[in-house]
Structures are given as C-alpha cells and as structure tokens.
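Structure assessment
Take a look at the letters that make up each chain.
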Amino acid sequence: MINYTARLDHAIRRAAWAHEQTGQHRKGTDIPYIVHPMGVMVIASNATEDEDILIACLMHDVLEDVDNSIYDEFQMRDYFGDRVTNIVKDVTNDESSVDWHESSKAYLDHLEHQACEEAVIVCAADKIHNLLSTLMDHTIYGDDIWARFTTKNSADQLWWYESVLEVVKKREVPIELSDQLEQLVEKLREKL
C-alpha cells in the first residue's frame, strides 16, 4: 500500500506540471502524459513501498522529456534529494545519438552494468506500463500503432522489450515485476 505523503503529492504535482508545460501526451493519443508516470508508480508499488523509488517513478521522464529551462536536475535534487535524482538519471536515455539502436544499446549497457538497483525497478515498471498500453492500443488500432514509435516497426519493439527483460532478469528485480514483464513480452511476441 502506498503511504500518501506531502512529498509524494509534490512529486505528482511537479511531474504533471512539467509534462503539461511541454504539451506532452502519450504517443499518438490525446491522453495527458501524467497517466504514464502515475501508472509506473502504481506498478512499482506492487514490489516496493520505498518512497524515493515511487517518486523516481513519477519523475522518471522529466529529465529526458522536459526542457531544462522548465524543470532541471538541480530543482529535482533540491526538493527530492540525491537518491531520487540519481535513480532518475540512471533511467534517463541519452539521446545525443541519432541512431535509435545505438542509443538503445547504450541504455541497456548502462542499465545492466552501472545503474543502481532502484533504477532497474523503475525501468521494469516503466516498460510494463508501456507494454500494457501498447498491447491495449494494438487491440484497438492494429499494426498502425507502430507508426507512433521512433523505429516504426514491430520487430524493433520486440527486440527492445526482450533486451530490457534480459537485463531485468540479470539484475534480479523483484519477481512480481520480472514475471509481469516476461508475460507481457510473450503477449507482444504472440501479436507479432
């Protein structure tokens, strides 16, 4: 059960505000972006009650997707502390490379070898939520949903989720998360 604190409430408000400032929505939809970080937090709460991890779930895309003139690492560190900020940085994709595969491989390598354990929990919950959303949308829109993504094809999406699952298993995240992710990857495989 999530212990709803003023700090957690502030994280929800900050994440919602930051993503709203960018006009960000879920890919290919008009769904407010905050639905995703909230979903990630709820999924992670099935495996941990650690408030810093739950806050990192809420903030996990802020440094990656929100212009730092709106909200930056220093603001995050100032209010939520080093631990939350370091978790978020460990799941922030370095998009300096224009090649999606290169960037993805670098992220996976970091996740496997350098990222803190808490970040792997956040990553697993993030990928679970993304896959749940993708599978639900695939039921409605069919293969047209692949156009939403950078790679535009289902084979790359399957590779990505299988690769994340492999790292998650190596890093031994809580079984409830790795099992759920594995089941969803299998459902994606079946759809393709």
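Residues numbered from 1 in each chain as written. Predicted model: local features only at pLDDT ≥ 70, side-chain atom pairs only at ≥ 80, totals over all residues. Heavy atoms only, no water.

**Things to note about the overall build of the chain**
Along the backbone of the chain there are 9 helices and 0 strands. Start at the N end of the chain and walk to the C end: the helices and strands fall as α-α-α-α-α-α-α-α-α. Against the 2.2 N^0.38 benchmark of 16 Å for 192 residues, the chain shows a C-alpha radius of gyration of 16 Å, consistent with a compact globule. When contacts within the chain are restricted to residue pairs at least 6 apart in sequence, those whose partners lie at least 24 apart make up 70%. Roughly 9,700 Å² of accessible area belongs to the chain as shown, and the carbon and sulfur atoms make up 48% of that amount. The averaged location of the 37 negative side-chain charges in the chain is 2 Å from the averaged location of its 18 positive side-chain charges. (Helix = DSSP H or I, 4+ residues; strand = E, 2+ residues; numbered from the N terminus. Rg over C-alpha atoms; globule rule 2.2 N^0.38 Å. Contact = heavy atoms within 4.5 Å. Areas by Shrake-Rupley, 256 points an atom, 1.4 Å probe, with all protein chains shown as cover. Lys, Arg positive; Asp, Glu negative; His and termini not counted. Charge placed at Lys NZ, Arg CZ, Asp CG, Glu CD.)

**Considerations on the confidence of the model for the chain**
Per-residue confidence for the chain gives a mean pLDDT of 91, with 97% of residues at or over 70. At the low end of the mean pLDDT range in the chain sits helix H6 (residues 100-113), at 91; at the high end sits helix H3 (residues 51-59), at 98. (pLDDT = per-residue confidence, 0-100.)

**Topic: the environment of threonine 5**
Within the fold, threonine 5 resides in the segment before helix H1 (6-21). For threonine 5, a relative accessible area of 22% puts it in the partly exposed group. When the C-alpha positions of threonine 5 and glutamate 51 are compared, they lie 8.9 Å apart, and in sequence the two are 46 residues distant. (Buried < 20%, exposed > 50% of the residue type's maximum accessible area, 1.4 Å probe, protein only.)

**Examining helix H8 (residues 154-170)**
Taking 1.5 Å of rise per residue, 17 residues should cover 24 Å, and H8 covers 24 Å from first to last C-alpha, within 8% of that figure. Taken together, the buried positions of H8 are Asp156, Gln157, Leu158, Trp160, Tyr161, Ser163, Val164, Leu165, Val167 and Val168. Immediately downstream of H8, the backbone of glutamate 172 shows phi near 55°, a positive value. (Expected span 1.5 Å × (residues − 1).)

**Side note on the nonpolar core**
Formed by 55 residues in total, the largest nonpolar core has its most connected members in Met59, Tyr71, Phe80 and Leu181. Mapped onto this core, the elements with two or more residues apiece are H1, helix H2 (35-45), H3, helix H5 (73-90), H6, helix H7 (117-141), H8 and helix H9 (175-191). The element that contributes the greatest number of residues to this core is H7, accounting for 10 residues. (Core = buried A, V, L, I, M, F, W, Y, C linked by side-chain atoms within 4.5 Å.)

**Focus on the packing of H1 against H5**
Close contact between H1 and H5 brings their axes to 11 Å; oriented N to C, the two are set at 90°. What the angle tells us is that H1 and H5 run roughly perpendicular. The residues of H5 that touch H1, namely those facing Arg7, His10, Ala11 and Arg14, are Tyr79, Phe80 and Val84. Of the residues that constitute the contact of H1 with H5, the class distribution is 4 nonpolar, 1 polar and 2 charged. (Axes fitted to C-alpha atoms, helices over the stretch in contact; angles between N-to-C directions. Parallel < 35°, antiparallel > 145°, perpendicular 65-115°, else oblique. Nonpolar A, V, L, I, M, F, W, Y, C, P; charged D, E, K, R; others polar.)

**A word on the pattern of salt bridges**
For the structure on display, the rule yields 15 salt bridges. Residue arginine 83 pairs with glutamate 118 through a salt bridge whose shortest N-O separation is 3.0 Å. Placement of arginine 83 in helix H5 and of glutamate 118 in helix H7 is noted, with a sequence separation of 35 residues between them. The class of arginine 83 is partly exposed, set by a relative accessible area of 34%. As a salt-bridge pair, glutamate 182 and lysine 169 come within 2.6 Å of each other at their nearest N and O atoms. Of this pair, glutamate 182 sits in helix H9 while lysine 169 sits in helix H8, and the two are 13 residues apart along the sequence. (Salt bridge = Lys/Arg side-chain N within 4 Å of Asp/Glu carboxyl O.)

**As for the environment of aspartate 61**
Structurally, the position occupied by aspartate 61 is in the loop between H3 and helix H4 (62-65). Beyond its immediate sequence surroundings of up to four residues, aspartate 61 is in contact with His19, Tyr33, His36 and Val66. Only 2.3 Å separates the side chain of aspartate 61 from the side chain of tyrosine 33, close enough to count as a polar contact. (Polar contact = N/O pair within 3.5 Å; in protein donor to acceptor, adjacent residues only side chain to side chain.)

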